[in-house]
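Fold and geometry: a report
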There are 4 protein chains.
Amino acid sequence: MASKVIIGVMGPGEGSTPEHNELAYELGKAIAAEGWVLLTGGRAFGVMDAAMKGAKEKDGLTIGVLPLHNQSGASSYADIKLVTGMGSIRNQINILSSNVIVVIGMAAGTASEVSLAIKADKRIIFLQQDELTYNFFRKIGSHRIVEVETVPHVLDCIKRFLSVNS
Amino acid sequence: MASKVIIGVMGPGEGSTPEHNELAYELGKAIAAEGWVLLTGGRAFGVMDAAMKGAKEKDGLTIGVLPLHNQSGASSYADIKLVTGMGSIRNQINILSSNVIVVIGMAAGTASEVSLAIKADKRIIFLQQDELTYNFFRKIGSHRIVEVETVPHVLDCIKRFLSVNS
Amino acid sequence: MASKVIIGVMGPGEGSTPEHNELAYELGKAIAAEGWVLLTGGRAFGVMDAAMKGAKEKDGLTIGVLPLHNQSGASSYADIKLVTGMGSIRNQINILSSNVIVVIGMAAGTASEVSLAIKADKRIIFLQQDELTYNFFRKIGSHRIVEVETVPHVLDCIKRFLSVNS
Amino acid sequence: MASKVIIGVMGPGEGSTPEHNELAYELGKAIAAEGWVLLTGGRAFGVMDAAMKGAKEKDGLTIGVLPLHNQSGASSYADIKLVTGMGSIRNQINILSSNVIVVIGMAAGTASEVSLAIKADKRIIFLQQDELTYNFFRKIGSHRIVEVETVPHVLDCIKRFLSVNS
């Protein structure tokens, strides 16, 4: 019995931009349309919330891995709310549980996730990332990171990575 | 949008008995038949494995919260494999994420889960528990624990707890 | 270069009794007098606080492994305050870092520590424990637990365990 | 009773350079000479090991926060070996427990620590950091990071930060 494919979408919460949220929303729809499970940090803000909103519009399954000891601050678009009580280190669960990780935008929490993903040897896709961020993470983990500009390119990359790993 | 109800089933892995596994299997079927999500420690042994096997026979959704840094040792009946890399402390996620916790059998890992559940003020159902275990946990957290003898009684208790919390 | 011997003292915080606190205080003094480092859960209550107070009277070194994201609620007798931000699961650090674990009193948090200690195959000393608690933990991890009635007997046990492990 | 000042020194393990190790060794000596406790990730490699070696030459107290479930791979210069069994997420303890964090070199694990330190609003000192790394972290957490070129400048910065916080 095959377990479900989980795609993690990571990015800023409160500090996210409308452009990044729109991109996350489109990505969430596309992930759900492929039948993949969407996993995020689960909070009702920014990239996480927007991606899960998109996934729910296409009847996808969404998992939110929450930092607090209860469901406060959780996105209403998370079907499955995992309550960790672990604060920022719940990020490790996001990384280790996702088959592929897509990153939109950048902030300290997101940077910790990309760093942990490099350490865990996970495949990472940067979507419309700024050059400084891309260059920094290429320097500390180059062969694990690809950079793309559109949601369809993200899907192509994910499919390629999944076919290699299975 | 309502998030899914998650029922956690906890119990021994390698040290489980055939009787406890059979009980877990029946409980897993019953949980799935109610439309609830089943969450366990995710390993391919004992109570966790048997409960998820039961749930899959009724087309339920199953979540396995795994202790290691990868999916090794995971039950093939876990639809969603959460990889934590946290060892025994992933037990906290099991407890905090479950609306209600059902316990079958007893071992050190299970005892840590019941202890954390008492600390987190969660409702706990002991199914066919031995008297010594029941008396010990009643002593340190009495009002959170009920003891029942059959799977239908577990369902009754869960429904009662869910109606109080919603 | 030999690393320092760490003795973990575990027991209830707010729910501790004056008798248990007095016992913890005497034990803390005795541990410091032996030149061992005392490790506790670090909070300003009950067994943890009393044991560290005793150790400081004998100029011992004390480590408090704190549950919160900052030092709030920390015992003033903790020389080294480790801030984990992990809540109850910081208990795993207490257990894994201690050469030997001494338990005074019982509550849900303490029960999770004893359970994790059994799982981690650590030596555990119960000091003046009640019979129900002793019987329960003997049942799930018998060969790792000894029960003694006085502080001098605790010291004898620790020395015996240390000589076996080194 | 004042708790001890803890200075965290973070940097690459296996991938460290001889220059960074030498710098860490000098920094460790200087930290110990000030009477501060040195905290590192505790492993027998690179910046962690070199800094603790330096501290021990000046009779400092050293704490190693280890990633595994036992002491394997620990630096022999760690007086107090904290065993977390948490892998990379033990990095959060390093960050939250340190009054000030000094970073030498850069790798994925170190990047996760700097990211967590920014999130936790900790003061961070980069010692002889490359420009790309400095620019990236300034971008996501500018006001928390200072960059210096020599060990004496690190000491000046630490003293300034400690006086502000106390």
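Look a little higher up for the structure.
In this report, the structure presented in the accompanying data block is examined. Keep in mind that what you see is a predicted model, and the values were worked out from it rather than measured.

Conventions used here
Residues numbered from 1 in each chain as written. Chains lettered and ligands numbered in written order. Predicted model: local features only at pLDDT ≥ 70, side-chain atom pairs only at ≥ 80, totals over all residues. Heavy atoms only, no water. Core = buried A, V, L, I, M, F, W, Y, C linked by side-chain atoms within 4.5 Å. Buried < 20%, exposed > 50% of the residue type's maximum accessible area, 1.4 Å probe, protein only. Contact = heavy atoms within 4.5 Å. Pairing = 2+ DSSP bridges. Helix = DSSP H or I, 4+ residues; strand = E, 2+ residues; numbered from the N terminus. Axes fitted to C-alpha atoms, helices over the stretch in contact; angles between N-to-C directions. Expected span 1.5 Å × (residues − 1). Buried area = accessible area lost by both parts, 1.4 Å probe. Salt bridge = Lys/Arg side-chain N within 4 Å of Asp/Glu carboxyl O. Polar contact = N/O pair within 3.5 Å; in protein donor to acceptor, adjacent residues only side chain to side chain. Nonpolar A, V, L, I, M, F, W, Y, C, P; charged D, E, K, R; others polar. Least-squares fit on C-alpha atoms with pLDDT ≥ 70 in both.

**A closer look at the nonpolar core**
Core analysis: the largest hydrophobic core is formed by 116 residues, its most contacted members being Phe137(A), Phe137(B), Phe137(C) and Phe137(D). Beyond its immediate sequence surroundings of up to four residues, Phe137(B) is in contact with Met106(B), Ala111(B), Val114(B), Ser115(B), Ile118(B), Phe126(B), Ser142(B), Ile145(B) and Phe136(C).

**Looking at the sheet that holds strand S5 (residues 100-104) of chain C**
Whether parallel or antiparallel, the strands of a sheet pair through hydrogen bonds between backbone atoms. Residue and element names in this part refer to chain C. Pairing within the open sheet is parallel, and its seven strands lie in the order S4-S3-S2-S1-S5-S6-S7. Strands with a single pairing partner mark the edges of an open sheet, and in this sheet they are strand S4 (80-83) and strand S7 (145-148). When the angles between neighbouring strand axes are averaged without regard to direction, this sheet yields 25°. As defined by bridge partners, strand S6 (residues 124-127) adjoins S7 across four bridges and the pair is classed as parallel. Note that in S7 the partner of Ile125 across the bridge is Val146. Together, strand S1 (6-10), S5, S6 and S7 form the strand contacts of helix H4 (residues 108-119), whose direction differs from that of S6 by roughly 145°.

**A look at the environment of Met86(B)**
One can find Met86(B) in the loop between strand S4 (80-83) and helix H3 (91-97). If sequence neighbours within four positions are ignored, Met86(B) has contacts with Met86(A), Ile89(A), Gln92(A), Ile93(A), Pro67(B), Ile93(B), Gln92(C), Gly85(D) and Ile89(D).

**Some details on helix H1 (residues 18-33) of chain C**
In this model, H1(C) (16 residues) spans 23 Å end to end at C-alpha, consistent with the 22 Å of a helix rising 1.5 Å per residue. Directly after H1(C), the chain includes Gly35(C), whose backbone phi takes a positive value near 85°.

**What to know about the interface of chain B and chain A**
If you look at the interface, chain B gives 26 residues, while chain A gives 26 residues. Carbon and sulfur atoms make up 67% of the area that chain B and chain A hide from each other, which totals about 2200 Å². Taken together, the connections running from chain B to chain A amount to zero salt bridges. Counting across the chain B and chain A interface gives eight residue pairs in polar contact (both at pLDDT 80 or more). Where the side of chain B that touches chain A is concerned, the elements lending two or more residues are S4 and H3 of chain B. Among the residues forming the side of chain B that touches chain A, the class breakdown is 14 nonpolar, eight polar and four charged.

**What to know about the relation of the copies chain C and chain B**
What connects the two chain copies is a rotation about an axis and a shift along it. The two copies are related by a screw operation: chain C maps onto chain B through 180° of rotation and 0.0 Å of translation along the axis, at an RMSD of 0.0 Å. Here the two chains are linked by the operation of a two-fold rotation axis. By C-alpha distance to the rotation axis, the residue of chain C lying nearest is Ser112(C), at 2.2 Å. Comparing interface residues between copies, 100% of those in chain C also sit at the interface in chain B, which points to an isologous, same-surface contact.

**Looking at the relation of the copies chain B and chain A**
Overlaying chain B with chain A gives an RMSD of 0.0 Å, the required rotation being 180° about an axis along which the chain moves by 0.0 Å. When the interface residues of chain B are mapped onto chain A, 100% of them again lie at the interface, so the same face is used by both copies.

**Thoughts on the sheet that holds strand S1 (residues 6-10) of chain B**
Residues and elements named next belong to chain B. Taken in spatial order, the seven strands line up as S4-S3-S2-S1-S5-S6-S7 in an open sheet, and their pairing is parallel. Both edges of this open sheet fall to S4 and strand S7 (145-148), since each of them pairs with a single strand only. Pairs of neighbouring strands in the sheet enclose a mean axial angle of 25°, with direction left out of account.

**What about the pattern of salt bridges?**
For side chains of opposite charge, pairing can occur when their charged atoms come near one another. What the rule picks out here adds up to 24 salt bridges over all chains. In this structure, the salt-bridge partner of Asp130(D) is Lys139(A), at a minimum N-O distance of 2.6 Å. With Asp130(D) in the loop between strand S6 (124-127) and helix H5 (131-141) and Lys139(A) in helix H5 (residues 131-141), this pair bridges two chains. Residue classification places Asp130(D) among the partly exposed positions, given a relative accessible area of 25%. What makes Lys139(A) partly exposed here is its relative accessible area of 47%. A salt bridge links Glu26(D) to Lys29(D), with the nearest nitrogen and oxygen atoms 4.0 Å apart. Residue Glu26(D) and its partner Lys29(D) are both found in helix H1 (residues 18-33); the two are separated by three residues, about one turn of the helix. Assessed through its relative accessible area of 33%, Glu26(D) is described here as partly exposed.

**Examining the interface of chain C and chain B**
Listed as interface residues are 22 residues of chain C and, on the opposing side, 22 residues of chain B. Taking both partners together, chain C and chain B bury about 1900 Å²; carbon and sulfur atoms supply 74% of that area. When the buried area of chain C at its contact with chain B is split by residue, Ile89(C), Leu132(C) and Phe136(C) rank highest and sum to 30% of it. There are two salt bridges connecting chain C and chain B. Connecting chain C to chain B are three residue pairs in polar contact (both at pLDDT 80 or more).

Limitation: the analysis is restricted to geometry and does not speak to function.
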